[in-house]
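Chains, contacts and geometry: an overview
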Amino acid sequence: MAIIEKLHILRFRNLDNQYLEPNTNINLFIGGNGQGKTNLIEAVYYLGHNRSFKSKNIKDVVPFEKEFLQIDAVVDDVRVLLKKSKNKNTILFNQQKVSSNSRLTHLMPIQIISPDRGFVVGGPPKLKRSYLDWGVFHVNPSILKTYKSYNKALKNVNTLLTNNNTKQLDYWLAQIATLSVEISSARADYIQKLKKTLKKPPFGPLKELIKKNNKFDFLLQSGWTKDTNHIDQESIYKYLIKNRGSFARIKHLNYGPHKATIDYYLNNQNEQHLSRGEQKKLSIFYWIMQVLMLVELNIKPIVLIDDISSELDQENLKIVLQEALALNSQLLITAIEGKNTDNFGPFLDKFRQLNLSK
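The following paragraphs examine the structure supplied in this document. Treat the numbers as computed from the prediction; the structure is a model and nothing was measured.

1. What to know about the overall build of the protein
If you tally the helices and strands in the protein, you get 11 helices and 13 strands. Across the 358 residues in the protein, those meeting the buried criterion constitute 52%. Excluding contacts between residues fewer than 6 apart, the proportion of contacts in the protein whose partners are at least 24 apart in sequence is 72%. If you sum the accessible surface of the protein, you get close to 17,500 Å²; carbon and sulfur atoms cover 47% of it.

Written out as structure tokens, the structure is:
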């Protein structure tokens, strides 16, 4: 179970030398706009991923006139330090250097719900793959090696296609076929686990987020053509060899797991036909469902929920807060002061009880 015991944000955006000892369960930050609530959420996310969910440019997160950012924490008795500048990246676990970002992600499984990150339902395929592969990795960490090997093979294939070099192309296409099956199988297996979780009783209250008949479904689109069996290596390889000419003309491989996505449905209606409000609420539903599934597997993520009161009306906000209390994970939640914050009353009472029982 991932728990941040202590958090020190030395330098990150407008946060300077901020020290926190979060509660093991619920942490609520209420304030006005521009006070650094989202920056706090982003800093915790950054520590767990070595990247931001808002910007790819390190200059955006390093404080003005400073040369580096630094965040450190104690997580499950491990002292974690991340110090990063334009030219240098340092990760330490108990003062020992760590070379892989995956070590951070494994130690700090972080699920984030934020309008700044976007919503998976109605969102771009890249965000949907991120949602899916985050869960796949935490259920099956060994799959990371397969992802890395696939990305290497894809890069080599695209380089060969760009340079009109076909000498080694068949070899790398065979690698693509093999690795693609491993990735697609892991994703399909994870989707089935999510669907089993969807049918379990804890989703009774949460289903009230979406009215109507509450019939949910989601399907994995593998990234291959419909007539290609995405879990059969021979089928994929035959397709790749047959279409080498078209790939050479466009200079890249435009099919495969790197093009996969998820299609969401509500009462047999595709996500693209849902209102923006329904897409937001359904996204929150699936994010929480993913956390619940991992909790059942004793993988308890740290959950970050940013600006929740601006995304939900009073009734739906109460439902989400009730479910949040039942997650049995560490939560950091921000809300704008005066915006549906009256609904936090019972939530704050529970928070006080948790503190008193320690």
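Now that the structure has been shown, we can carry on.
2. Some points on the nonpolar core
Core analysis: the largest hydrophobic core is formed by 67 residues, its most contacted members being Y131, I176, F218, L240 and Y286. When residues of this core are assigned to their parent elements, the largest contribution, 13 residues, is made by helix α5 (residues 169-198). If we ignore the near neighbours within four places in the chain, the residues touching Y286 are V121, Y131, F216, D217, F218, Y264 and Y265. Judged by nonpolar contacts, the second largest core, of 35 residues, contains Y46, I58, V61 and I110.

3. Structural notes on the layout of surface pockets
In this structure, the largest pocket occupies an estimated 1,300 Å³ of space. The wall of the largest pocket is formed by 41 residues, among which H49, R51, K126, S130 and D133 lie closest to the centre. Elements supplying a minimum of two residues to the lining of the largest pocket: α1 (37-49), α2 (101-107), β8 (110-113), α3 (125-139), α4 (143-162), α5 and α9 (276-296). Here the residues of the lining of the largest pocket are counted per class, giving 17 nonpolar, 14 polar and 10 charged.

4. Some thoughts on the pairing of strand β1 (residues 4-12)
If a strand is regular, its side chains alternate between the two faces of the sheet. Taken together, the 6 bridges between β1 and strand β4 (residues 68-75) define a ladder with antiparallel strand orientation. Paired with L7 across the bridge in β4 is A73. By the bridge criterion, 5 bridges tie β1 to strand β2 (residues 15-20) in an arrangement that is antiparallel. Residue pairing across strands places R11 opposite D16, the latter belonging to β2. Hairpin connection between β1 and β2: a loop of 2 residues separates the two successive antiparallel strands, and R13 in this loop has a positive phi of roughly 50°.

5. Some remarks on the side chain of D72
Following the sequence through the fold, D72 ends up in strand β4. Its relative accessible area of 6% is what places D72 among the buried residues. Only 2.9 Å separates the side chain of D72 from the side chain of R79, close enough to count as a polar contact. The contact partners of D72, leaving out residues within four places of it in the chain, are K6, L7, H8, L47, R79, V80 and L81.

6. Quick notes on the side chain of T90
Looking at the secondary structure, you find T90 in strand β6 (residues 89-93). With residues near it in sequence (within four places) discarded, T90 still touches L81, L82 and K83.

7. Digging into the sheet that holds β8
Spatial strand order, β3-β13-β12-β8: 4 strands in an open sheet with parallel pairing. In this open sheet, the two strands that pair with only one neighbour each are β3 (26-31) and β8. The mean inter-strand angle of the sheet, taken between neighbouring strand axes irrespective of direction, is 15°. Pairing analysis gives 4 bridges linking β8 to strand β12 (residues 302-305), with the strands arranged parallel. Paired with I112 across the bridge in β12 is L304. Strands in contact with α9 are β8 and β12; relative to β8, the strand with the most contacts, it is inclined by about 165°.

Criteria and thresholds
- Just so you know, the residues in each chain are numbered from 1, in the order the chain's sequence is written.
- It should be noted that, the model being predicted, local features are given only for residues of pLDDT at least 70 and side-chain atom pairs only at 80 or more, the latter also being counted only at that level, while totals for whole chains, interfaces and linings use all residues.
- In computing side-chain values, all of the structure's heavy atoms are included and hydrogens and water are not.
- The helix and strand labels rest on DSSP assignments: H or I over at least four residues marks a helix, E over at least two residues marks a strand, and numbering proceeds from the N terminus.
- Burial status follows relative accessibility: with a 1.4 Å probe on protein chains alone, a residue under 20% of its type maximum counts as buried, one over 50% as exposed, and anything between as partly exposed.
- Every residue pair with non-hydrogen atoms within 4.5 Å of one another is taken to be in contact.
- Reported accessibility uses the Shrake-Rupley method at a 1.4 Å probe radius. Residues are deemed covered only where the shown protein chains occlude them.
- We call a set of buried Ala, Val, Leu, Ile, Met, Phe, Trp, Tyr and Cys residues a nonpolar core when their side-chain atoms join them within 4.5 Å.
- Only protein atoms enter the 1 Å grid used here. Points where a 1.4 Å probe fits but cannot escape make up a cavity, open sets with protein on both sides within 12 Å along at least five of seven lines make up a pocket, and a residue lines them when an atom lies within 4 Å of a point.
- Grid points are joined across faces, edges and corners, and a volume is the space filled by probe spheres set on the points.
- Polar here means any residue other than Ala, Val, Leu, Ile, Met, Phe, Trp, Tyr, Cys and Pro, which are nonpolar, and Asp, Glu, Lys and Arg, which are charged; Gly is therefore polar.
- Here, strands pair whenever DSSP counts at least two bridges between them.
- Pairs of N or O atoms within 3.5 Å make up the polar contacts considered here, provided that, within protein, one atom can donate a hydrogen while the other can accept it, and that residues adjacent in sequence are counted only when both atoms are side-chain atoms.
- Angles run from 0 to 180 degrees between N-to-C directions of axes, and those axes are lines fitted to C-alpha atoms, restricted for helices to the stretch in contact.

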